[in-house]
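Each chain, written out:
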Amino acid sequence: MKRTTTARSARHDRARNRVAELEADNQALRKRNRELEKSLAGMKRLRDDTIQNERLQALGQMASGIVHDFNNSLTPILSASDFLLWNPKARTKEPEGTRLIESIRLAAEDARHMVSRLREFYRPQANVDVRPVDVNSVAEQVVMLTRPRWREQARAENVTIDVRSDLAGVPPVTINESHLREVLTNLVLNAA
């Protein structure tokens with residue numbers, strides 16, 4: 001009987017050892033599985049980042065071409081308006097004509113600044129040109145620049161828009177003038 005008990009005990013010990021080995025193997029497999037899942041997740045993130053970078057690079061190249069072409073289109077507008085404003089023989093004697101030429105030049109400069117912000121997308125700039133700006137002057141420019149658009153829109157809808165410039169004394173604000181003009185332009189056009 002003692003042999004039977006000893007044999008049984010040995011089988012139980014072997015079985016327990018085998019169970020312990022299997023449990024250890026199982027834990028090792030779970031650990032390895034977690035490591036593989038982490039590696040897979042990392043590879044997926046890397047793949048997604050690579051795809052995103054390739055898309056951004058392609059978009060940057062496209063933006064670069066647009067910026068270049070648009071700047072080329074703005075150059076004759078700026079040159080012609082400068083010529084008309086500063087050449088005594090070409091300069092108009094009508095103040096309204098001079099204001100219109102100035103508004104053409106200003107709109108072209110603002111367009112050039114908008115395009116340069118597109119350039120910042122693919123080639124970031126360290127600093128933006130900010131300086132003290134007369135807000136009232138910019139507000140008057142915006143009304144003048146946007147007048148043709150909102151006036152035509154109002155006429156098309158049989159509406160009268162009356163703009164009153166009751167501008168109070170505002171101290172100069174340190175800002176990029178083109179950005180301020182763009183914000184005020186959007187406000188005026190959205191209001192119209």
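Below, the structure is looked at part by part. Throughout this document, residue positions are counted from 1 along each chain, in the order its sequence is written. Local features in this predicted model are restricted to residues whose pLDDT is 70 or higher, and side-chain atom pairs enter the listing and the counts only when it is 80 or higher, whereas totals over whole chains, interfaces and linings include all residues. Hydrogens and water are ignored here; the side-chain numbers use all heavy atoms of the structure.

### A short note on the pattern of salt bridges
Turning to step 1, where the next piece is worked out: Salt bridge, as applied in this entry: a Lys or Arg side-chain nitrogen positioned within 4 Å of an Asp or Glu carboxyl oxygen. This model, assessed by the stated rule, comprises nine salt bridges.
Turning to step 2, where the next piece is worked out: One salt bridge in this structure joins Glu-23 and Arg-30, with 3.3 Å as the shortest N-O distance.
Turning to step 3, where the next piece is worked out: Owing to a relative accessible area of 38%, Arg-30 belongs among the partly exposed residues under this scheme.
Turning to step 4, where the next piece is worked out: Arg-47 is the salt-bridge partner of Asp-48, the closest N and O atoms lying 3.0 Å from each other.
Turning to step 5, where the next piece is worked out: When salt bridges with common partners are traced through the structure, they connect Asp-110, Glu-177 and Arg-181 into a single cluster. Exposure classes here rest on a 1.4 Å probe applied to the protein chains alone. A residue is buried below 20% of its type maximum, exposed above 50%, and partly exposed in between.

### Notes on the layout of surface pockets
Turning to step 1, where the next piece is worked out: One number sums up the size of the largest pocket: a volume of about 270 Å³.
Turning to step 2, where the next piece is worked out: Along its surface, the largest pocket is lined by 13 residues, and Ala-107, Met-114, Leu-145, Thr-146 and Thr-185 are the ones closest to its centre.
Turning to step 3, where the next piece is worked out: In DSSP terms, a helix is any run of H or I states spanning at least four residues, a strand is any run of E spanning at least two, and both are numbered starting from the N terminus. Residue assignment for the lining of the largest pocket shows that the elements contributing at least two residues are helix H2 (95-122), helix H3 (135-156) and helix H4 (177-191).
Turning to step 4, where the next piece is worked out: The leading source of residues in the lining of the largest pocket is H4, at five residues. Site definitions follow a grid-based scheme: protein atoms alone, a 1 Å grid, a 1.4 Å probe that fits but cannot get out for cavities, and for pockets an open set with protein on both sides within 12 Å along at least five of seven lines, plus lining residues having an atom within 4 Å of a point. Grid points are joined across faces, edges and corners, and a volume is the space filled by probe spheres set on the points.

### Here's the deal with the side chain of Gln-141
Turning to step 1, where the next piece is worked out: Looking at the secondary structure, you find Gln-141 in helix H3.
Turning to step 2, where the next piece is worked out: Here, residues are in contact when the closest pair of their heavy atoms is within 4.5 Å. In this structure Gln-141 touches Leu-106, Glu-177 and Arg-181, once residues within four positions along its chain are discounted.

### A look at the environment of Ala-80
Turning to step 1, where the next piece is worked out: Tracing the backbone shows Ala-80 in helix H1 (residues 2-86).
Turning to step 2, where the next piece is worked out: For Ala-80, a relative accessible area of 39% puts it in the partly exposed group.

### Focus: H4
Turning to step 1, where the next piece is worked out: If you check H4, its first and last C-alpha atoms are 21 Å apart, about what 15 residues at 1.5 Å a residue would give, namely 21 Å.
Turning to step 2, where the next piece is worked out: Along H4, the residues that are buried comprise Ser-178, Leu-180, Arg-181, Thr-185 and Leu-189. For H4, the arc enclosing every buried residue in end-on projection is 160°, short of the 170-degree limit, so these residues lie on one face. Summarising the geometry of H4, the exposed residues directed more than 90 degrees from the buried face are Leu-187, Asn-190 and Ala-191.
Turning to step 3, where the next piece is worked out: Any N or O atom pair separated by 3.5 Å or less is treated as a polar contact, with the protein-specific requirement of one donor-capable and one acceptor-capable atom, and with residues adjacent in sequence counted only for side-chain atom pairs. The backbone nitrogen of Ser-178 lies 3.0 Å from a side-chain oxygen of the residue at the head of H4, namely Asn-176. By definition here, a helix of n residues has an expected span of 1.5 Å times n minus one. Our arc is simply the arc of the directions from the helix axis toward the C-beta atoms.

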